2 protein chains.
Amino acid sequence: MARQAGFPSVSADDILSRPMFIRQLDTPALLVDLDVMERNLRRAAEYARAHDLRLRPHTKTHKVPELARRQLELGATGITVAKVGEAEVMLGADPPDLLVAYPIIGRSKLERLAAVARRTRVTVMLDNLHAARQLSDAAREAHVEFGVLAEVDVGLGRTGVTPGDELVEFIRGLLRLPYLSYEGIGFYPGHIRSLDNDGLNQIEELDRLLNSVIERLRREGLPPRVVSGGSTPTLYHSHRIRALTEIRPGTYIFNDRNTWLAGACKPEDCAASILVTVVSTSRPGQVIVDGGSKTFSSDRLAPSPEPSFGYVLEAPGAVFTRMNEEHGYLDARKAGVELAVGDRLRIIPNHICTAVNLHEKMYGVRGDRVEAVWEVAGRGKLQ
Amino acid sequence: MARQAGFPSVSADDILSRPMFIRQLDTPALLVDLDVMERNLRRAAEYARAHDLRLRPHTKTHKVPELARRQLELGATGITVAKVGEAEVMLGADPPDLLVAYPIIGRSKLERLAAVARRTRVTVMLDNLHAARQLSDAAREAHVEFGVLAEVDVGLGRTGVTPGDELVEFIRGLLRLPYLSYEGIGFYPGHIRSLDNDGLNQIEELDRLLNSVIERLRREGLPPRVVSGGSTPTLYHSHRIRALTEIRPGTYIFNDRNTWLAGACKPEDCAASILVTVVSTSRPGQVIVDGGSKTFSSDRLAPSPEPSFGYVLEAPGAVFTRMNEEHGYLDARKAGVELAVGDRLRIIPNHICTAVNLHEKMYGVRGDRVEAVWEVAGRGKLQ
């Protein structure tokens, strides 16, 4: 919590030529504790190995090709993206294969995706034949083949075909389309948001549901080679979902306040925080910091209606009650420390994925030292 | 609502060489109706002229130097920014002066702000002497002068000095600091969120409060030359706040669903929308579009707890009930039209400022035609 005083300003290019410290960074800045991040990555990779699961992390969380490469080095067998723009950026990590967990619609995106498919194997997860026909056409025109996973709705009610006859018909439709290779099924269990008793019951239900889906598909002569699913909250319960062959956690690389409060990590497993500066204390008991919704995103706590936007590492009793675009409001009455203009604080955001998307750079730190500066190259790749 | 079919993909560079149409744009894309935008800009400029008010728009809403230049051409007398990075970007509009409506803390930012002050007159609005002393030191070192506005809290309870003795003492402190020129007072009436009876009463209270503040400052020999305030909801009521000399609306250039539902504009005054594509209809009565919180921001409606994230122009009965990062959920049961995968929809976001911040490009359109493509140069300038 050093005051920002007379330290010289530094640019990202200085990093390799001389040591750099957190106190030299201007705020707001997105920090990643490298020791915690590496521990998170190793733990997930070991878990996946122990349970004979492929680990295919969703890179939307970090959006940094260098970090995708690290995930691959530590045992990931492929990566996941949501957008074609992310796929293009993530080619920088030289992935052996790439799953686009999103239905890609429209000629422009499909042409770009076909170009990606010339450089690595691409699989698309989708839930409708309109998208599948477009994908097949694009593959034919570009002389490539796409893998496809039939997306199944296992309870979130977002995308995905309802299990049963509809799914069987959809997969039969996929098999009729040339230049597509049916690999299996995929799903996102986003309805399981915390690991309380309800959540654990939902995991058991998911296990039963998938077993019955797969039994049906086998009966129909459509056995899935790949059963791809998972999320960060369910990550370390994946072995209980016996049909799974592949898991796709994203947030696990950093974790966040949502993960922690969902019971899916400990506070010390949160690797990412945002460094901010106190800019006003004009109202007694309140502190204003230089990060608001354009720095943290206005995502609320997933499992709770509590209007609180982050956890202040240096003042755990302070409540992050409100945000405007560039202002964060801390209720400092129970902060336990006196906060003054110029003080610097690190805050763990509720949702790290949307927060990362707002930052141009990410700083990898160990202790006080900044060891890496990454461009968030996949940031804002909306298309 | 044309299906995206075999149209060739276009790049922004094509714009000057040949005609371009909305149907050629990939989604999600941020569209600005130029006729509506120009009407919004002219109307505010005429209002300001009629009431002898300086108009100093907050450029955080659009973040595009070309649009700041247009505001200046149409009658704005200066511009406002929140961050030093925005000030740097907005030098591209050649503003005659520039107000930073945010306390700037820390040597690195202040050095950069002093560099801006060598190119145009810079005024900073602040509420504490810590920030003022740093600003004075930076001005001395860089051989520049900064204007200062004492920020007054008129009811939002965010930043700003409480009116009364504290404000008098603060301004006396400002006057003792060299290289700073005391210009007057500034405020942001963000507590006035809609133009219902409560809002109109709050405007009357604000008028009385400011008159008493100014009377006191005159008595103390500290008369403000500038009284700078205002917001988009209060824009066309500024003449009722008699002490005002300058208004700083931001959102008014585009307006948004918040402005509309606050009673501060009509739906047809909303210039900005986000073009999205339907990517899944797997769940009956629900439509998934390819924009979520990374495209719209998760900002809710300001004056209401209603969890609805935008207004669908082509299907006004559809309710935008939920978002994930890349998924928007529309409850289509009352949409009034049949929506299919591949359909394209324009959605007016709740809060256009945070939505613009998520886009790399902004497309200026008239009818079906794309007439301009701007880089959102001030996007993500967090520091």
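Presented here is an overview of the structure given in this document.

About the criteria used
- The numbers attached to residues start from 1 for each chain and follow its sequence in the written order.
- Following the order in which they are written, the chains are lettered starting with A and the ligands numbered starting with 1.
- Owing to the predicted nature of the model, reporting of local features is limited to residues with pLDDT of at least 70; listing and counting of side-chain atom pairs is limited to 80 or more, with chain, interface and lining totals taken over all residues.
- Two residues qualify as being in contact provided that their C-beta atoms, derived from the backbone, are within 7 Å of each other.
- Put simply, DSSP H or I for four residues or longer makes a helix, DSSP E for two residues or longer makes a strand, and each gets a number counted from the N terminus.
- Residues are grouped as follows: nonpolar covers Ala, Val, Leu, Ile, Met, Phe, Trp, Tyr, Cys and Pro; charged covers Asp, Glu, Lys and Arg; every other residue, Gly included, is treated as polar.
- With axes taken as lines fitted to C-alpha atoms, and helix axes fitted only over the stretch in contact, angles between N-to-C directions fall between 0 and 180 degrees.
- Note on angle classes: values under 35 degrees are labelled roughly parallel, values over 145 roughly antiparallel, values of 65 to 115 roughly perpendicular, and the remainder oblique.
- A clockwise turn of the near helix away from the far one marks a right-handed crossing, whereas an anticlockwise turn of less than a right angle marks a left-handed crossing.
- The pairing criterion is simple: DSSP has to find at least two bridges between the two strands.
- Throughout this description, the term nonpolar core refers to a group of buried Ala, Val, Leu, Ile, Met, Phe, Trp, Tyr and Cys residues whose C-beta atoms join them within 7 Å.
- Partly exposed residues are those falling between the two cut-offs: more than 12 but fewer than 20 other C-beta atoms within 10 Å of their own, whereas 20 or more means buried and 12 or fewer means exposed, with C-beta atoms placed from the backbone.

Details of the interface of chain B and chain A
By a widely used convention, the size of an interface equals the accessible area lost when the partners come together.
Right, on to step 1. Each partner contributes to the interface: chain B provides 56 residues, whereas chain A provides 56 residues.
Right, on to step 2. Of all the secondary-structure elements, those providing two or more residues to the side of chain B that touches chain A are helix H4 (107–117), helix H5 (129–142), strand E10 (272–280), helix H9 (293–296) and helix H10 (352–356) of chain B.
Right, on to step 3. Ranked by the residues each element gives to the side of chain B that touches chain A, the list is headed by H4 of chain B, at 4 residues.
Right, on to step 4. For the side of chain B that touches chain A, the per-class residue count stands at 15 nonpolar, 26 polar and 15 charged.

Things to note about the packing of helix H4 (residues 107–117) of chain A against helix H5 (residues 129–142) of chain A
Residue and element names in this part refer to chain A.
Right, on to step 1. Two elements in contact, H4 and H5, have axes whose closest approach is 9 Å; the angle formed by their N-to-C orientations is 55 degrees. Taken together, the axis directions place H4 and H5 in an arrangement best described as oblique. Judged by the twist between their axes, the crossing of H4 over H5 is right-handed. Judged by residue contacts, Leu-110, Glu-111, Leu-113 and Ala-114 of H4 engage Gln-134, Leu-135, Ala-138, Ala-139 and Ala-142 from H5.

Brief notes about the pairing of strand E16 (residues 361–366) of chain A
Residue and element names in this part refer to chain A.
Right, on to step 1. Two strands pair when backbone bridges link them, and strand E1 (residues 29–33) and E16 are joined in this way by 3 bridges, in the parallel orientation. Each bridged residue has a counterpart across the sheet, and for Leu-31 the counterpart in E16 is Tyr-363.
Right, on to step 2. Across 6 bridges, the pairing between E16 and strand E17 (residues 369–375) is antiparallel. Considered in E17, the bridge of Met-362 is made with Trp-374.

Observations regarding the nonpolar core
Right, on to step 1. Membership of the largest hydrophobic core comes to 226 residues, with the highest contact counts inside it found for Val-100 of chain A together with Val-100 of chain B.
Right, on to step 2. Ignoring any residue separated from it by four or fewer positions in sequence, one finds Val-100 of chain B in contact with Val-81, Ala-87, Leu-113, Val-122, Val-124 and Met-125 of chain B.

Observations concerning the sheet that holds strand E5 (residues 121–126) of chain B
All names here are of chain B.
Right, on to step 1. Spatial strand order, E2-E9-E8-E7-E6-E5-E4-E3: 8 strands in an open sheet with parallel pairing. In this open sheet, the two edge strands, each paired with only one partner strand, are strand E2 (54–55) and strand E3 (79–81).
Right, on to step 2. One ladder, built from 3 bridges, connects strand E7 (residues 180–186) with strand E8 (residues 226–229); its direction is parallel. Within E8, the position partnered with Ile-185 by the bridge is Val-227.

Any link to function would need more than the numbers given here.
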